[in-house]
Amino acid sequence: MPIKISDPLVGFIGVGNMGNPMAANLLKAGYRVNVFDREPHKALNLVSLGANLAENITQLGQQSQVVICSLPGPAQVKEVMFGEGGLINVIKPGSIIIDTSTSSVELAQELSNLLEQKNVGFLEAPVTNAVDFAALGKLSIFVAGKQSDFDKYKPIFEVLGEKIFYVGKPGNGATIKLLTNLLWFTHAAVIGEALMLGAKADIPLEIVAEAIQSSAGNSWVAQHDIPSIFAGHYDPSFSLALCCKDLDLVNQIAQSQGFTLTMGQFVQGLFEEAQKTYGASAAELHVVKLLEDRVGTYLRPSLQNPLP
């Protein structure tokens, strides 16, 4: 069990798919936690674990020494920070904000600068490894900000994650998180193509999957996403809208650095086509369903005839 820092009151804003299990793990580790979400019903399980449900961001910000945000993207981070009753205007000097959202380089840098002027700490700390790892407390976390703040609050990160990386200045967290998502989404799209090659050759899909996962073609995505394709639910824990947002952000990073991403732009186009076809809330692996629908073959072992 990680060592707990001296009993701060932790505020947690955004308790959806990722934030909810993260907040639950803090409660189970013995932290006192205030929670707030625009949809209060999402916090009911946390209240049953001992969390206090704040009425609004202002109340949460005024009461908490540490505020953790888990939000869909830059637009929602800006709303929480700068909107009516925004966190940046109510949090007390000497407190700290930890933003685990997948946000933008520019916004992380802006928040760090503004909060420093108010004597409030800021750590950018996007997380990866999906909802199931969030529940297990085995996220990978990319933390950017002051080294002294990272050292002080590392016990909190050790409750939430298994691999904690200190990556330097604000903005670096977004960069490294988004480059990992670039690889994720690229792998997701091409794994569909690999499975389809096997299916059209009448090779049992279970053998195709095992071959991929036992070869140089293996990846975390192959391990995590192939079962979701076979199940036909396409992993509803992550939406096409979030995929498209992240791909747009990673392409913006490259442009700000003076070059373009060949694969990044192509894969963004694929996911945008899937979003246009199936809707923004459709699960991320609908990028594979695009291929299934085009070919007329669905990647389900239960629908496939075995080899004689």
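Predicted model only: the values in this text are computed from it and were never measured.

Asker: Got a minute to help me understand the overall build of the protein chain in this structure?
Answerer: Of the regular secondary structure elements, the protein chain holds 14 helices and nine strands. Here the protein chain has a C-alpha radius of gyration of 21 Å; the compact-globule value for 308 residues is 19 Å, and the two agree. By principal-axis analysis of the C-alpha atoms, the protein chain measures approximately 70 × 45 × 35 Å. Within the protein chain, the proportion of its 308 residues that are buried is 53%. The long-range fraction of contacts in the protein chain, counting pairs at least 24 apart against all pairs at least 6 apart in sequence, stands at 67%.

Asker: I'm lost on the pattern of salt bridges in this one. Help?
Answerer: When the charged atoms of two side chains with opposite charge come close together, those side chains can pair. Counted by the stated rule, this structure contains six salt bridges. Here K146 makes a salt bridge to E116, at a shortest N to O gap of 3.5 Å. Here the residue K146 occupies a position in the loop between β8 (139–145) and α8 (147–160), and E116 occupies one in helix α6 (residues 105–117), the gap between them amounting to 30 residues. With relative accessibility at 46%, the residue K146 sits in the partly exposed group. Given a relative accessible area of 47%, E116 falls into the partly exposed group. The partner of D293 in a salt bridge is K289, with the nearest N and O atoms 3.0 Å apart. Residue D293 and its partner K289 are both found in helix α14 (residues 286–295); the two are separated by four residues, about one turn of the helix.

Asker: Could you clarify how one ought to interpret unusual backbone geometry in this entry?
Answerer: As a rule of thumb, non-glycine residues mostly have phi less than zero, and peptide bonds are mostly trans rather than cis. Phi angles above zero are rare outside glycine, and D202 is one such case at about 65°. Here D235, not a glycine, exhibits a phi torsion of approximately 60°, which is positive. Here D235 lies in the loop between α11 (220–231) and α12 (240–256). Judged by its relative accessible area of 7%, D235 is buried.

Asker: Explain the nonpolar core to me, please; I cannot follow it from the model alone.
Answerer: Across soluble globular proteins, nonpolar side chains show a tendency to be buried alongside one another. Membership of the largest hydrophobic core comes to 43 residues, with the highest contact counts inside it found for F185, L195, I226, F271 and L299. Taken together, the elements giving at least two residues each to this core come down to α9 (172–200), α10 (205–213), α11, α12, α13 (262–278) and α14. Of all the elements, α9 adds the most residues to this core, at eleven residues. Residues in contact with F271, not counting those within four places in the same chain, are F185, L240, C243, C244, L247, E284 and V287. By size, the runner-up hydrophobic cluster in this structure holds 32 residues, among which are L27, Y31, L123 and V159.

What counts as what
- Residues numbered from 1 in each chain as written.
- Predicted model: local features only at pLDDT ≥ 70, side-chain atom pairs only at ≥ 80, totals over all residues.
- Heavy atoms only, no water.
- Helix = DSSP H or I, 4+ residues; strand = E, 2+ residues; numbered from the N terminus.
- Rg over C-alpha atoms; globule rule 2.2 N^0.38 Å.
- Buried < 20%, exposed > 50% of the residue type's maximum accessible area, 1.4 Å probe, protein only.
- Contact = heavy atoms within 4.5 Å.
- Salt bridge = Lys/Arg side-chain N within 4 Å of Asp/Glu carboxyl O.
- Core = buried A, V, L, I, M, F, W, Y, C linked by side-chain atoms within 4.5 Å.

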